[in-house]
Structure formats: structure tokens, C-alpha cells
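Residues per chain, in single letters:
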Amino acid sequence: PLSDVLTGHNGYSTVDNERNHHRMSAQNDLLYAEAETMNEPMSIAEVKQQKPEPLQLKGPFAKLLGLLPKNQSFTILLSGASGGGKSTAAMKMANELSEHGPVLYLTSEERIDSGTIGIRAEQAGIGEADIDVVEARSLSSIGEHLNSGIYAFCVIDSINELDMTPDDFMKLTEANSEVSWILISQANAAEKATIGGARWRHLVDIRLWCEVDKDGNRVIRNQKNRFAPTVNEIIISRGRPLPAQTHPQTTKPNSTNLDRKSVV
């Protein structure tokens, strides 16, 4: 029948298909035009006026993380040796961020039924926060959990356990452009370097180093931050002083290191 001839594979008539084609072409032209406009040179005065609205964080994390953008995604990399407090720091950070959108906490190193994650959440003072926890055993499962589109933030604990490469992460960010990330990575404590190569360090907006200081406190220090932090480090939990021979005497902080603050 003629109706079958005029109907395309998608169930629309050829006339409708032609209209859709022109509509999509017009939309693409508009997107290209907007992209070209965005890439036009701007005066330094105009650049200085570009001030994205920041997330209204509270307490020490506001000072450590700086002016995180409210309507743009960002990536935080938490590195440090085993026992340095990376997961505790990530949990506390997730608690802060949950006031600005749902958080998905992906754990690949610990099982939920072990009780460890629940104990850590209690120690971090987390109540009825908007945080979902799920065990992630493969890279593909991350995308599956994010497909709902409801999460504003995603914690991955850890990228090493999942054998995630920078290319893997770039694909994730492209598919989930509205999500901001907290990545946990093991590190070489002697060199204070993230395992996995220098490329990780350049992919992220903020690099934080977690370790136990000479007084037995777990601290987080800024290694890199694009969002203007006001303090160099904070304490996430207090402990007992370590033996003197374990931590040799360190030099005094230089002028770029500001006062340490404790997390409430």
C-alpha cells in the first residue's frame, strides 16, 4: 500500500521525517553558533567578571576546598598511603555535599555487610544524609548505577581496586557530564605521588593528600586546587602522638602554608 511506502522505518511519514531532519539541522546550527560565540576572544575585564556561583559549603571543608562551582562539575582526587584516612575524608566530604544534591558512594574495597562503612559513617557524624552506598565490582557497573540521572555527586573508593585508567574516567565524565566526582586512590607514601601516573594529577581540579602527622592526627593537605582554598590543611580526626623515631623532625611550614583547622 501507498501508506507503507510513505512511512519510514521509524513509523513517521516521509514528510514528517523531512521536517524532523530540518528541525535537527536548525538545532545543530544554533549549537554550533553558540559554541563559536563562546570561543570568541574576551577582554581581561570581561574575564574578571566571569564568577560562577559557588556551593555554599559550611565549616572547615569550605576553607579547604575553596569556591566549588554550583552549576559546573568538578573532580577531587584523594590520595595517601593505607590508613591515612582517605575513606573517612571522602565520607565526611560526601556528607557536606549531600546538602546540595544526592550522592552515590561506590565502594569496591569493602563489603557493605562487613559493617565497616556503617561504622565509618557513624564516626563521621552522618545522620539522614542523602547518600546511597553500593558495591561496585566492575567499571561497567558504575555507568549502570548512574543511568538514573538522579545523582549530583559520585564517590569512587577506589580507582585502583577497579583498575580504572584516565581514559576510563574520561569516558565516564563524558557520559555523565552533570556529575561531580570524588576519587580515592592509593599512593606512594615516600614520593607522595598518586599511583597510576602523572596523568591523573592533571585530570582533576583538586588534589588532596591524606596522612597521619607526627601527633597522630589524620590530616588532609592541598596539593593542587583550582578553587582558591583559604587554608592549606585540616584535621579530620585526632589521635595519639606517634613514636619520635617514626616521624623525623620536619621543617617549619613556609609562608604559603596557612594555619591548620580541625573538622567539627
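This section reports on the structure supplied with the text.

Reading the values: rules and limits
- Residues numbered from 1 in each chain as written.
- Predicted model: local features only at pLDDT ≥ 70, side-chain atom pairs only at ≥ 80, totals over all residues.
- Heavy atoms only, no water.
- Helix = DSSP H or I, 4+ residues; strand = E, 2+ residues; numbered from the N terminus.
- Buried < 20%, exposed > 50% of the residue type's maximum accessible area, 1.4 Å probe, protein only.
- Contact = heavy atoms within 4.5 Å.
- Areas by Shrake-Rupley, 256 points an atom, 1.4 Å probe, with all protein chains shown as cover.
- Core = buried A, V, L, I, M, F, W, Y, C linked by side-chain atoms within 4.5 Å.
- Phe/Tyr/Trp six-rings, centres within 6.5 Å; stacked < 30°, edge-to-face > 60°.
- Axes fitted to C-alpha atoms, helices over the stretch in contact; angles between N-to-C directions.
- Parallel < 35°, antiparallel > 145°, perpendicular 65-115°, else oblique.
- Left-handed = near helix turned anticlockwise from the far one by under 90°.

A few words now on the overall build of the protein. Assigned secondary structure in the protein consists of nine helices and 10 strands. Each of the 264 residues in the protein was classed as buried or not, and the buried ones make up 38%. When contacts within the protein are restricted to residue pairs at least 6 apart in sequence, long-range pairs at least 24 apart make up 68% of them. Carbon together with sulfur atoms contributes 51% to the accessible area of the protein, which is approximately 15900 Å² in total.

Before going further, it helps to examine the nonpolar core. The tendency in soluble globular proteins is for nonpolar side chains to be buried as a group. Among the nonpolar cores identified, the biggest contains 34 residues, and Leu65, Leu68, Leu78, Leu208 and Ile220 are the most heavily contacted of them. With near-sequence residues (within four places) excluded, Leu65 lies in contact with Leu57, Ile76, Met93, Ile206, Leu208, Asn225 and Phe227. Among the nonpolar cores identified, the runner-up in size contains 20 residues, and Leu146, Tyr151, Met164 and Leu183 belong to it.

Looking now at the packing of aromatic side chains. Between two aromatic rings, the relevant description is the distance of the centres plus the angle of the planes. One pass over the structure, following the stated rule, counts three aromatic pairs. Seen from their ring centres, Phe169 and Trp181 are 5.4 Å apart, and the 80° between their planes marks the pair as edge-to-face. A residue pair is termed long-range when its members are at least 10 positions apart, and Phe169 in helix 8 (residues 166–175) and Trp181 in strand 5 (residues 180–188) qualify at 12 residues. For the pair shown, Phe169 and Trp181 are each scored as buried. Taken together, Phe169, Trp181 and Trp200 form an aromatic cluster joined through their ring pairs.

Okay, the packing of helix 5 (residues 86–97) against helix 6 (residues 116–123) next. It is at 10 Å that the axes of helix 5 and helix 6 come closest, and there the two elements cross at 60°. The orientation of helix 5 with respect to helix 6, classified from their angle, is oblique. Crossing geometry of helix 5 relative to helix 6 is assigned as right-handed. Taking contact as the criterion, the partners of Ser87, Thr88 and Met91 in helix 5 are, on helix 6, Ile117, Arg120 and Ala121.

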